[in-house]
2 protein chains.
Amino acid sequence: MLESYIKECLYFTANRLSRVVTKMAEDEFAVSGLAPTYAFLMMAVYDKEGISQKELSEILHLQPSTVTRLIEKLVQKKLITSKSEGRRSLIFCTEKGKALKSLIYECWDNLRARYNEILGQEQGDLLTLNLYQVSDQLERKE
Amino acid sequence: MLESYIKECLYFTANRLSRVVTKMAEDEFAVSGLAPTYAFLMMAVYDKEGISQKELSEILHLQPSTVTRLIEKLVQKKLITSKSEGRRSLIFCTEKGKALKSLIYECWDNLRARYNEILGQEQGDLLTLNLYQVSDQLERKE
DNA sequence: ATTTAATAGTTGTATGTACAAACAATAAAC
DNA sequence: GTTTATTGTTTGTACATACAACTATTAAAT
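Parameters at a glance
- Residues numbered from 1 in each chain as written.
- Chains lettered and ligands numbered in written order.
- Predicted model: local features only at pLDDT ≥ 70, side-chain atom pairs only at ≥ 80, totals over all residues.
- Near = placed C-beta within 6 Å.
- Helix = DSSP H or I, 4+ residues; strand = E, 2+ residues; numbered from the N terminus.
- Nonpolar A, V, L, I, M, F, W, Y, C, P; charged D, E, K, R; others polar.
- Contact = placed C-beta atoms within 7 Å.
- Pairing = 2+ DSSP bridges.
- Axes fitted to C-alpha atoms, helices over the stretch in contact; angles between N-to-C directions.

**What to know about the protein's contact with DNA strand D**
Surrounding DNA strand D, one finds 23 residues, the nearest of these being Ala35, Ser65 and Gly86 of chain A together with Lys54 and Ser65 of chain B. Where the surface near DNA strand D is concerned, the elements lending two or more residues are helix H5 (64-76) of chain A together with helix H2 (10-29), helix H4 (53-60), helix H5 (64-76) and strand S3 (88-93) of chain B. Grouping the amino acids of the surface near DNA strand D by side-chain chemistry returns four nonpolar, 12 polar and seven charged.

The structure is reproduced here in structure tokens:
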């Protein structure tokens, strides 16, 4: 079968899933005016005012350079401010940023509702947990 | 917990896994001089000489425009040729492309071996299958 | 105290992927 | 047989993410 080695490759299936879910997420977060990753960064700031870029990079599992770029854009949009303190730079939420908070959480709920409706709450949760653990396993062994 | 909504979000876990596995794959395919997606496209051509872009797009689950771009690069590298036949354009492998065949398959084997060593053959296979099916479910319901 | 190493962040550059709009070729409808 | 719709591919543009190299700050070692 032509497609067999596609179906049987984690590289491919993982990327495909990522594309499918990303599309859904972009869709749900669209009303907030933010792409999903930006929204998650905002959530991390809501949770900890004055969080550092390093911490963001760890929580979001993104490279520091990527976080720098995300922050740039969010500062441009005046949703956060960045205050450098020694070699670190700490991130704070603006009023405009705070105003988005409930909308962002709503989008997040909608996203989960949407895929859980298709997968079932239990399968959705299990899958999510599973992916997290597998990523951990794979990352540790590098 | 700060990270809870990250761990609990399929968007995030799926993307994280995708990044982790992509890195592994890039690593394993590096000796072939190709990024993994290009290598998979080559495999599809090995399997069916004269395959059309539409078919490639379906097999690889990528947008047509993306396939156009991939092909552009592979033609540049003289690994394939593209012959337009009516409105379709059909893809053939060059000698140089054929010469890569066994190396590419080797890389693919190494990739699977590498993550199976960490996850266990069974968990690896199950996960891969699972991801494929979940993507199908999610895509059908759009 | 000076030198050296480690840590945090940034900048230039590259890549994979996509969307929307355009174009070209075929098929359907009238 | 023309017009209209559909299908396959391409082009312009945009975005998320990363790596490698760099700067700046703090900590360790001598």
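**Description of the interface of chain A and chain B**
Contacts between the two partners involve 45 residues from chain A and, on the opposite side, 45 residues from chain B. Secondary-structure elements contributing two or more residues to the side of chain A that touches chain B are helix H1 (4-7), helix H2 (10-29), helix H3 (36-47), helix H6 (95-119) and helix H7 (121-140) of chain A. Here the residues of the side of chain A that touches chain B are counted per class, giving 28 nonpolar, nine polar and eight charged.

**Comments concerning the protein's contact with DNA strand C**
Lining the immediate surroundings of DNA strand C are 21 residues, of which Lys54 and Ser65 of chain A together with Ala35, Gly86 and Arg87 of chain B lie closest. Elements with a minimum of two residues in the surface near DNA strand C: H2, helix H4 (53-60), H5 and strand S3 (88-93) of chain A together with H5 of chain B. The residue inventory of the surface near DNA strand C, partitioned by class, reads three nonpolar, 11 polar and seven charged.

**Some points on the sheet that holds strand S1 (residues 51-52) of chain A**
Strand pairing in a sheet relies on backbone hydrogen bonds. The paired strands run either parallel or antiparallel. Residue and element names in this part refer to chain A. One open sheet accounts for three strands, arranged S1-S3-S2; its pairing is antiparallel. Strands with a single pairing partner mark the edges of an open sheet, and in this sheet they are S1 and strand S2 (80-85). Bridge count between S1 and S3: two bridges; the pairing is antiparallel. Paired with Ser52 across the two strands is Leu90, which belongs to S3. Here H3 sits on the sheet and contacts S1, S2 and S3; the angle it forms with S3, its principal contact strand, is near 90°.

This is a description of form; function is not addressed.
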